[in-house]
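Here is what each chain is made of, one letter per residue.
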Amino acid sequence: MPPDLLKKINSTSLDLAGQELWEIFRPHISYFTKTEKNMIELAFEQMVIAHGDQRRKSGAFYITHPVCAAIILCKIGLDSDTIAACLLHDVPEDTDVSLSDLAKEFGYEVVFLVEGVTKLSGIKYKGEDRYAENLRRMFVAMSKDLRVIFIKLADRLHNLKTLEHVKPEKRYRIALESLEIYVPIAERLGISYLRGEIEEASFPFVYPEEYKKMVSKSEIAIQKRTKTVEIIKKNVENVFKKNNIHYEKVVGRAKKYYSIFKKIEKSQKPLDQIYDLVALRVVTYNIKECYQILATLHSHFEPVEDRVKDYIAKPKENGYQSIHTTVRDSVTGAIFEFQIRTRKMQKYAEFGVASHWSYKEENESDKDFFEGKNMKWISELVDLGRQKMSEDDYLKRVKLDLFTDRIFVMTPNNDPISLPEGASALDFAYKIHQEVGQHATMAKINGEIAKLNSKLKNGDVIEIFTDKKQSPKWDWLDWVNTAGAIKNIRNFIKKIALKEEAQKDNKVKKG
Ligand code: MN
């Protein structure tokens, strides 16, 4: 919201503030039907009445917060229940209006979503155990209805954007929690729009020094790159024209500061070797055109070796699809990255799972995709949360699976399997099936015989050999990295130990 508007809202009465806010908000819900708009307007009114003249730490009327959060969700094009619930998300906790009061006015869905968000906000972040509890609740909420998480992410994003009004000692904690919990969740759900915004808003509070350095260092580099990219863009558009290539648009996209920071940390490469600092994105209509464009680009620019990544053939775990290629322009000598994708992929790339609820798009048949194996990790984490274990253990296991980078490997039938980075052939075996893991004897990686503790790389094709006589050994615990495999091996060894003890007891009794 522009600062002058905010000032205006602060200086006027609540009625006026509500009215002005409504005028700001209304254009964002233009994609709904009349009935839906009416329902959202009712939610808006109830929200204004319930919060009354409550204020934010900034001095602004409280009602600016739910409205700004709802606008974020309108950008994704979410459904009317989600938007209404977002407007009402702080009502039960912060006002005298209760959930059952809301139930009189709104349908089950809206109330269910508000309740979901309210439950999540009960936990304040304090140390590791709270952190685990927070996560556990997030996963349970997610498994019931992902829209609760969308609201929570928008809520958090707006709070981060107004974080300078919060006490300094609290800022770091909130921003850190955002990077450690909210970002990985947005990432796994493929909502890179929210992931990027949350990262960027948290960055200056978690790493103030690095942030300052990154901004001053990359500003000039980005400006320079943007100029080069503009020239190349025109060049490419000409090439496409000459070759009769059908496409929607070519756009230059500058990487966000936090992404650059992360990439430099991870790759240890200097700024001038980050080739996607400003990337060129080609958006087209179908997959065939994507490959045609790749071929055309490669015939005009020299591809840099080993820099073609085909996420169309092998999507990322979160569903992201695109072809990335790094090329060299022979005229300027500049090295830069192209990302080629269809319109549909573009939408997933930004909104991920959330685009499944998107109202703006005709219903596509991706339901299976999201509810199938790509979202299996959510139910796995929920199961994990139901097991009896200490907070510490839970956190360790969840971190193992969620907070490490993942690789993508294939079965001999070309079924993609996703594993955390550093996973072994034995992890793979357990991922296929518990029985395969327990009886695994050796592996074949890309056709070569390999030991079960061999570390896997992206794109490896793995075959596991089994023998009924084989069973888990103590050593195996050193060979695996995934929570599922660790659990299975431990349980097996425990069972054997118990059995042996029972047998000993029996012998003693008989003796
Ligand atoms: Mn809130």
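Just so you know, these numbers come straight off a predicted model, no measurement behind them.

Draft legend 1. View of the packing of helix α13 (residues 208-242) against helix α15 (residues 287-300). Contact geometry for α13 and α15: axes closest at 11 Å, N-to-C directions at 115°. Note that α13 runs across α15; the crossing there is right-handed. Counting all contacts with α13, which are made through V236, V239 and F240, the residues of α15 involved are I293, T296, L297 and H300. For the contact of α13 with α15, the per-class residue count stands at five nonpolar, two polar and no charged.

Draft legend 2. Local environment of helix α20 (residues 425-432). A large share of α20 lies buried, amounting to six of its eight residues. Residues A425, L426, D427, F428, A429 and Y430 constitute the buried set of α20.

Draft legend 3. Structural detail: the coordination of the manganese ion. Of the protein atoms, only H65 (NE2), H89 (NE2), D90 (OD) and D155 (OD) coordinate the manganese ion, at distances of 2.2 to 2.3 Å. Expressed as a motif, the donor residue spacing for the manganese ion is H-x23-H-D-x64-D. Separated by 90 residues along the polypeptide, H65 in helix α4 (residues 64-76) and D155 in helix α10 (residues 146-161) bring together distant segments of the chain. Residue classification places H65 among the buried positions, given a relative accessible area of 0%.

Draft legend 4. Up close: the nonpolar core. Among the nonpolar cores identified, the biggest contains 107 residues, and F25, I83 and F338 are the most heavily contacted of them. Counting residues per element, this core draws most heavily on α10, at nine residues. Contacts of F338, omitting those with residues within four sequence positions, involve I232, V236, L280, V282, L297, F301, I323, H324, T325 and V327. Counting 24 residues, the second largest nonpolar core, distinct from the first, contains A425, L426, W476 and A485.

Draft legend 5. Looking closely at the environment of M47. Looking at the secondary structure, you find M47 in helix α3 (residues 34-51). Put simply, M47 and L88 are 41 residues apart on the chain and 5.7 Å apart in space, counted from C-alpha to C-alpha. Contacts of M47, omitting those with residues within four sequence positions, involve I63, P66, V67, L87, L88 and V91.

Reading the values: the criteria
Residues numbered from 1 in each chain as written. Predicted model: local features only at pLDDT ≥ 70, side-chain atom pairs only at ≥ 80, totals over all residues. Heavy atoms only, no water. Axes fitted to C-alpha atoms, helices over the stretch in contact; angles between N-to-C directions. Helix = DSSP H or I, 4+ residues; strand = E, 2+ residues; numbered from the N terminus. Left-handed = near helix turned anticlockwise from the far one by under 90°. Contact = heavy atoms within 4.5 Å. Nonpolar A, V, L, I, M, F, W, Y, C, P; charged D, E, K, R; others polar. Buried < 20%, exposed > 50% of the residue type's maximum accessible area, 1.4 Å probe, protein only. Donors = N, O, S within 2.8 Å, 3.2 Å for Na, K, Ca; no water. Core = buried A, V, L, I, M, F, W, Y, C linked by side-chain atoms within 4.5 Å.

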